[in-house]
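Examination of the molecular architecture
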Amino acid sequence: IATARPIAAGRDPVIRVKAAGLNFPDILCVAGKYQVRPPLPFVAGTECMGEIVEAAPDSGYNVGDRVMTMAGVGAFGEYCVAPRGTTFKVPDGMTDEDAAAFQMTYQTSYFGVKIRAALQPGEVLLVHGGAGGVGSAAIQLGKMLGATVIATASSPEKLEVCSSCGADHAINYTTEDFVERVKELTGGKGADVIYDPVGGDVFDQSTKCINWNGRLLVIGFTSGRIPEIKVNRILLKNISIVGLHWGQYRTHQPELIEQAQVALYDAYAKKKIKPVLWKTYSMKQLPEAMEAMERRECYGKVVLKN
């Protein structure tokens, strides 16, 4: 855990970290297995919230502002530099825990279902890993956008989490064949949009229960295996395999991130979305929290507090 206070970089403010969200990419980053590898040495942690302690006069922030940020690295420190393009003032009434758990999961899921897949009212959305951070966010956003949502999870407890988020149907993939269940629930048509943060066998099987003109969203590979597909299957079913690397929008279309944040804050204020919080640890318990996530014990989001 870093205790030295970093120096502000240009117009990027420095914040005192109060709470941070733990995400699966943090584990991959520490292990040197993530697609983006920061130079050594680095302080881990992708997202956090806190209070601004230093800001340039023309930065748009003031000392004392409560903000959430996608720092990229450094979120598990006592202080971190907050990149302006992904740093937003926390709305009144949002708790520190919700703020720490908000940005990565909801931005990722919003860009996935709304922008990349263009989910329409009345369509069927299949969410894999529905009890996870991005999965639970995708369920909530799918319902907000007017879709019928089917979710998969690995235990009765996690199925209940999916249902509490609004899933119309929840499938235990350890005891049921999700391909056959999705076909049964859709009258043989399959899902219009499939949200897949798992990859591996889940991706392979998903191509068997996707509707004509369907969109299969590639969000990540928590299974550990990057799948492949024969392109004739894409042609014959007229489907789209749609990738989402949310972080690249900071470089290519940063204005969309701010637009999405405004829409997400509005949804939060109207109680249409709310982070699912599994457990809050102290920052000193970070190794314990990461082990729990690696063992797939948790659901929703894990939060760390300084």
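Up top is the structure.
Below is a short write-up of the structure. (Residues numbered from 1 in each chain as written. Predicted model: local features only at pLDDT ≥ 70, side-chain atom pairs only at ≥ 80, totals over all residues. Heavy atoms only, no water.)

Quick notes on the overall build of the protein chain
Where we set the bar: The numbering of helices and of strands both runs from the N terminus, where a helix is a DSSP run of H or I of at least 4 residues and a strand a run of E of at least 2. Computation of the radius of gyration draws on C-alpha atoms alone. For the globule rule, the value is 2.2 Å times the number of residues to the power 0.38. Think of it in three bands: residues with accessible area under 20% of the maximum for their type are buried, residues over 50% are exposed, and the middle band is partly exposed, with areas taken using a 1.4 Å probe on protein chains only. By definition in these notes, contact holds between two residues if any of their heavy atoms fall within 4.5 Å. Here the open area of atoms and residues is found with the Shrake-Rupley method and a 1.4 Å probe, where only the protein chains shown may cover a residue. For this count, His and the chain ends are skipped, Lys and Arg are scored as positive, and Asp and Glu as negative. Just so you know, the charge point we use is NZ for Lys, CZ for Arg, CG for Asp and CD for Glu.
When helices and strands are counted, the protein chain shows 11 helices and 13 strands. Over its C-alpha trace the protein chain gives a radius of gyration of 19 Å, about what one expects of a compact globule, namely 19 Å for 306 residues. Overall size of the protein chain, expressed as C-alpha extent along the three principal axes, is 60 × 35 × 35 Å. The 306 residues of the protein chain split such that 52% are buried. Put simply, of all contacts in the protein chain between residues at least 6 apart along the chain, 67% involve residues at least 24 apart. Entry remark: accessible area of the protein chain is about 13800 Å², with carbon and sulfur atoms responsible for 52%. Positive and negative side-chain charges in the protein chain, numbering 33 and 32 respectively, have mean positions lying 2 Å apart.

A short note on the sheet that holds strand E6 (residues 124-127)
Condition: At least two bridges found by DSSP between two strands are what make those strands a pair. Note on geometry: axes are C-alpha line fits, over the in-contact stretch for helices, and angles between N-to-C directions span 0 to 180 degrees.
Strands sit in the order E8-E7-E6-E9-E10-E11 across an open sheet of 6 strands; the sheet is parallel. Edge positions in the sheet fall to strand E8 (169-172) and strand E11 (240-243), since each has one partner strand and no second. Across the sheet, the axes of successive neighbouring strands diverge by a mean angle of 20°, strand direction being ignored. As defined by bridge partners, strand E9 (residues 191-196) adjoins strand E10 (residues 210-218) across 5 bridges and the pair is classed as parallel. Residue Ala191 lies in a different strand from E10, and its bridge partner there is Ile210.

Let's talk about the pattern of salt bridges
Side chains that differ in sign of charge can pair as their charged atoms come close. Rules: Salt bridges are defined by distance alone: a side-chain nitrogen of Lys or Arg within 4 Å of a carboxyl oxygen of Asp or Glu.
If you walk through the whole model with that rule in mind, you get 18 salt bridges. When the shortest N-O distance is used, the salt bridge between Glu123 and Arg215 registers 2.8 Å. Of this pair, Glu123 sits in the loop between helix H3 (103-116) and E6 while Arg215 sits in strand E10; the two residues are 92 residues apart in sequence, bridging distant segments of the chain. There is no split in this pair, since Glu123 and Arg215 are both buried. In this structure, the salt-bridge partner of Lys270 is Asp266, at a minimum N-O distance of 3.2 Å. Classification of Asp266 as partly exposed rests on a relative accessible area of 38%.

With respect to the pairing of E9
Rules: The path from the first strand over the helix to the second decides the hand: if it runs clockwise while the strands point away from the viewer, the crossover is right-handed.
In terms of residue burial, E9 counts as a mostly covered element, since 6 of its 6 residues are buried. Bridge analysis of E6 against E9 gives 3 bridges, and the strand direction is parallel. Counted as the bridge partner of Leu125 is Val193 from E9. Each parallel crossover has a hand, and for E9 linked through helix H7 (residues 200-206) to E10 it is right-handed.

Section: the packing of aromatic side chains
The cut-off we apply is this: Pairing of aromatic rings covers Phe, Tyr and Trp, the last counted by its six-membered ring, and requires centre-to-centre distances within 6.5 Å; plane angles under 30 degrees mean stacked, over 60 mean edge-to-face, and any other angle means tilted.
This model, assessed by the stated rule, comprises 5 aromatic pairs. A ring pair is formed by Phe102 and Tyr106, whose centres lie 4.9 Å apart and whose planes are at 35°; its orientation type is tilted. Of the two residues, Phe102 and Tyr106, neither departs from the other in class, the shared state being buried. Ring centres of Trp278 and Tyr281 lie 6.5 Å apart, and the angle between their planes is 45°; this geometry places the pair in the tilted category. What makes Trp278 partly exposed here is its relative accessible area of 24%. Joined through ring pairs, the aromatic side chains of Phe102, Tyr106, Tyr265 and Tyr268 make up one cluster.

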